[in-house]
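# Architecture and fold: a report
These are the residues of each chain, in order.
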Amino acid sequence: MKNNKYQRTQRGFTLMELLAVIVIIGVLAATIGSRFLGQTEKAKAGAAKAEMGQIVQALDLFKLEVGRYPSAQEGLEALIKNPGNLPNWSGPYFRKDNIKDPWNNDYKYTTPGPNNAPFELKSMGADGKEGGEGENADIVKS
C-alpha cells in the first residue's frame, strides 16, 4: 500500500494566495481609477468652458435683441424666461431649464465685469469656492 500522504493532490488556492491576488487587484484598481478620475475632472472643465461659450453667445443675442445685457438682478435666468415686460425679448436664448456648471453649481454672473467688461461669467470649479488650483480652479469668461 502506498503512502496516502504523498498521493494527495492540491486543489484550489490557499488563503494567502487569494489575499495576494486581492491586494494586487486593489492596487491596480486604485492606480487606474485615479487616472480616470483626473480625466473626468479635465473633461468637466472642458465642458464648462464650452457651455460658458454658449452662454456668452446667448448673452450677446439677448443684448442684440433687448439692447442691453441682463442686469445683475435678472441674472442668467433672463436667458430662459422674460424677466419682465421686455418688448424685444424673443427667447429663450439658452436651451437648458437651469443654468448650472458640470459640478452642479450655479454659474456666477456679474455685471459690469472687471476692466470695463460688460459682464463676467464664472464657474467656481470642482470645489464650488472662489479661487483654487487644478480641478478647483475658477473658469472665467467675459
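Keep in mind the model is a prediction, meaning the values are calculated, not measured.

Using the criterion set out here, one finds 3 salt bridges in the structure. The partner of Arg68 in a salt bridge is Glu74, with the nearest N and O atoms 2.9 Å apart.

Time to look at the nonpolar core. Core analysis: the largest hydrophobic core is formed by 24 residues, its most contacted members being Ile55, Leu76 and Leu79. Of all the elements, helix 2 (residues 15-66) adds the most residues to this core, at 8 residues. Leu76 has contacts with Ile55, Leu59, Ile99, Tyr107, Tyr109 and Leu121, leaving out every residue within four places of it along the chain.

Here strand 2 (residues 120-123) shows no split at all, with Glu120 and Lys122 on one side and Leu121 and Ser123 on the other all buried. Taken together, the 3 bridges between strand 1 (residues 108-110) and strand 2 define a ladder with antiparallel strand orientation. Bridge pairing links Thr110 to Glu120 in strand 2. Pairing analysis gives 3 bridges linking strand 2 to strand 3 (residues 139-141), with the strands arranged antiparallel. Bridge assignment links Ser123 to a residue of strand 3, and that residue is Ile139.

Criteria and cut-off values
- Residues numbered from 1 in each chain as written.
- Predicted model: local features only at pLDDT ≥ 70, side-chain atom pairs only at ≥ 80, totals over all residues.
- Heavy atoms only, no water.
- Salt bridge = Lys/Arg side-chain N within 4 Å of Asp/Glu carboxyl O.
- Core = buried A, V, L, I, M, F, W, Y, C linked by side-chain atoms within 4.5 Å.
- Buried < 20%, exposed > 50% of the residue type's maximum accessible area, 1.4 Å probe, protein only.
- Helix = DSSP H or I, 4+ residues; strand = E, 2+ residues; numbered from the N terminus.
- Contact = heavy atoms within 4.5 Å.
- Pairing = 2+ DSSP bridges.

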